[in-house]
Amino acid sequence: MPQFLLLLALGPVQEFIVAGRRCRDLQFGSKLLSHLAAKAACELKECGAQLVFPPPDFEPRAGVANKILVVVEGEPQTLLQSVRGVVWQELQRLSEEVWTQFGRESALETAKARAQIADLLEWQSIAVPIEDGDDGFQKARILAEQLLAARKNLRDFAPVSWGDQSEKSVLDGNREVVATVREHAKTEKLCGVALLKRKGKIDAEDGRFFSTSHIAAQDVLAGWEKHHDAALFADFVRDCGRQNSWTLQTPRRDSVFDHYDGEHLFDEPGAGDFWKAWTKNDFPGARPLPYYAILVADGDDIGEAIAPLDWARCTDFSRALSQFSTQVEGIVREARGELIYAGGDDVTALLPLHSALGAAKQLHDLFGETFGELNLEKPPTLSAGLALVHHQTPLSQALQMARNAETRAKKVDGKDALAIIQAKRGGAPIEIAGKWGDFDGRLNDFIELAGDGDLASGLAYEWRDLALNVGGLPPEALRALARQSLQRKAQGTSSKFRKTETASKVFEHLETGVSLENLANELVVASLFAGAKKLAQGEKTL
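Residues numbered from 1 in each chain as written. Predicted model: local features only at pLDDT ≥ 70, side-chain atom pairs only at ≥ 80, totals over all residues. Heavy atoms only, no water.

### Points about unusual backbone geometry
Then, number 1: A cis amide bond links Gly11 to the next residue, Pro12, at an omega of 0°.
Then, number 2: Relative to the assigned elements, Pro12 resides in the loop between β1 (3-11) and α1 (14-18).
Then, number 3: With an omega of -5°, the peptide bond between Phe53 and Pro54 qualifies as cis.
Then, number 4: Along the chain, Pro54 falls in the loop between β2 (50-53) and β3 (67-73).
Then, number 5: A positive phi angle, near 65°, is found at Arg336, a position not held by glycine.
Then, number 6: The topology assignment puts Arg336 in the loop between α11 (311-334) and β10 (338-343).
Then, number 7: Of note in this structure, Lys415 is not a glycine but carries a positive phi near 55°.
Then, number 8: Its place among the elements puts Lys415 in the loop between α13 (395-410) and β13 (417-423). (Helix = DSSP H or I, 4+ residues; strand = E, 2+ residues; numbered from the N terminus.)

Below is the structure:
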């Protein structure tokens, strides 16, 4: 019986995931696609297909990428119909649970919601016969990838069955409203797909997700853990009369802050009074910085690494990807962040500033170690983008900025890179990028110097002015002017920048050939990271 290589792609991916106004929307959208892909993979395995991506021993609860590669015996049409049926039944089950529960409490246009869900999934499949010979599998896989790419360009444009001229959903503006949802004193009009993302549950953990404000507050909360106990803080909250007004709750209890959401620590009505009382009672620490990080990471040259692999080696590669993705959440949680998605070589997560750079580096190193064990001719690397954004920036904009940062990292020669975009309110975004090792090492040096109080805040802006005003000078002349500025700062009697070793470290980086403008931008970003690290140590910001 002939063997076929079957390649399936389940979607929509990006436009479905990014359509969200809350972290919960992003997380459930990612999890839903991964869950449906896992259902498809399990059905294929039960029907006798031999899994390649994901590996045969994959864990269904772990992240599964939206592309599935299997080897099947005989014509795959009947098998495909069975798999599509299982995936559709699962999507229908999850949505019907929402319609039943929500319909008991609020008005819902159920028929329209069902029609919108029925039109949600995109399904592409390619089957290629595997020829005899040692390279039959490689040839079939390459051809399947090429055909799938071509198939994705041939969109299905069937007319929708649920469209009309009524009001559109606030999440994406594409589908008609089927229900009005009121949460936390806010009202939103949602379509059937948006309602599934907001109310759906795959397991008990769904819906238990930190807000962006709470992620931004983690710098301060980490510092509080070093100096306070829960009982003392609870007494303080009660004495301030906050136990009734602080109504926003988090899914997991903080050792000091209990179940309160970090949003209450920002500029809400009465927050100023809270901080006055906090200072008056001699509690250490300071107000949280209103910024957090979104991480988007992706493997480099995965296709090139897989291209020469036979069936067995390709399965080993797949197993390594699965092994990596199952360890991602532990790193993100340890960094006090929240994982949005980890599947294959893709990672998206929310991280507090004080741990964002370290967590990104841990993921990079884990990826390298995992694939280093395979002895590949050209092991893949991991590039990442970090967007440092305000906690009230619309989530879709913040996520797009993180994707822009990842795209910037992918443009570094040879990749294996990190890019950071800092988007503080009231100024133009600052973009920095470089290779892992040199770039993040230099940035950590600057963070350490800024945290020690050695790095004069004005130095970065003097260097930026130099780059802007006399950037056309020869590099040596420009570095000479930068050295003069640095020496002036180091020798100033009133300057914080006094240690000789500090000046020497900055001189070293100035001589590496990195442009003055880039170094200046790195100093600016390092200052923000350093302030967050001080908060995480229970100290006041710079």
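Still more to cover.
### Let's talk about the sheet that holds β2
Then, number 1: The four strands lie next to each other as β2-β3-β1-β4, forming an open sheet whose pairing is antiparallel. Two strands close off the open sheet at either side, each with one partner strand: β2 and β4 (122-129). Between one strand axis and the next, the sheet turns through 25° on average, direction left out of account.
Then, number 2: For β1 and β3, the ladder comprises seven bridges, and the chain directions are antiparallel. Among the inter-strand pairings, Leu8 is bridged to a residue of β3, identified as Ile68.
Then, number 3: Packed on one face of the sheet, helix α3 (residues 77-105) meets β1, β3 and β4 and runs near 155° to β4.
Then, number 4: The strands touched by helix α5 (residues 136-152) are β1, β2, β3 and β4; relative to β4, the strand with the most contacts, the crossing angle is about 150°. (Pairing = 2+ DSSP bridges. Axes fitted to C-alpha atoms, helices over the stretch in contact; angles between N-to-C directions. Contact = heavy atoms within 4.5 Å.)

### Digging into empty space enclosed by the protein
Then, number 1: This model, assessed by the stated rule, comprises one cavity of 30 Å³ or more.
Then, number 2: In this structure, the largest cavity encloses a volume near 30 Å³.
Then, number 3: Together, Leu8, Ala9, Leu10, Ala37, Ala40, Asn66, Ile68 and Trp123 line the largest cavity.
Then, number 4: For the lining of the largest cavity, the element with the most residues is β1, which contributes three residues.
Then, number 5: Here the residues of the lining of the largest cavity sort into seven nonpolar, one polar and no charged. (1 Å grid on protein atoms, 1.4 Å probe; cavity = no way out; pocket = protein on both sides within 12 Å on 5 of 7 lines; lining within 4 Å. Points joined across faces, edges and corners; volume = space filled by probe spheres on them. Nonpolar A, V, L, I, M, F, W, Y, C, P; charged D, E, K, R; others polar.)

### Some points on the nonpolar core
Then, number 1: Counting residues in each nonpolar core, the largest one holds 159 residues, and the members touching the most others are Leu44, Phe317, Ile420 and Trp463.
Then, number 2: When residues of this core are assigned to their parent elements, the largest contribution, 12 residues, is made by helix α18 (residues 516-536).
Then, number 3: In this structure, Val412, Ala417, Ala419 and Ala433 belong to the second largest nonpolar core, which totals five residues. (Core = buried A, V, L, I, M, F, W, Y, C linked by side-chain atoms within 4.5 Å. Buried < 20%, exposed > 50% of the residue type's maximum accessible area, 1.4 Å probe, protein only.)

### Some details on the environment of Leu510
Then, number 1: Within the secondary structure, Leu510 sits in helix α17 (residues 500-510).
Then, number 2: Expressed as a C-alpha distance, the spacing of Leu510 and Arg483, which sit 27 residues apart in the sequence, is 8.1 Å.
Then, number 3: With residues near it in sequence (within four places) discarded, Leu510 still touches Trp463, Arg479, Ala482, Arg483, Leu516 and Leu519.

### Some words on the side chain of His214
Then, number 1: Its location among the elements puts His214 in helix α7 (residues 212-225).
Then, number 2: Ignoring sequence-local partners within four residues, the contact set of His214 consists of Leu221, Thr250, Phe257, Tyr260, Asp261, Gly262 and Glu263.

The values are spatial; any link to function lies outside them.
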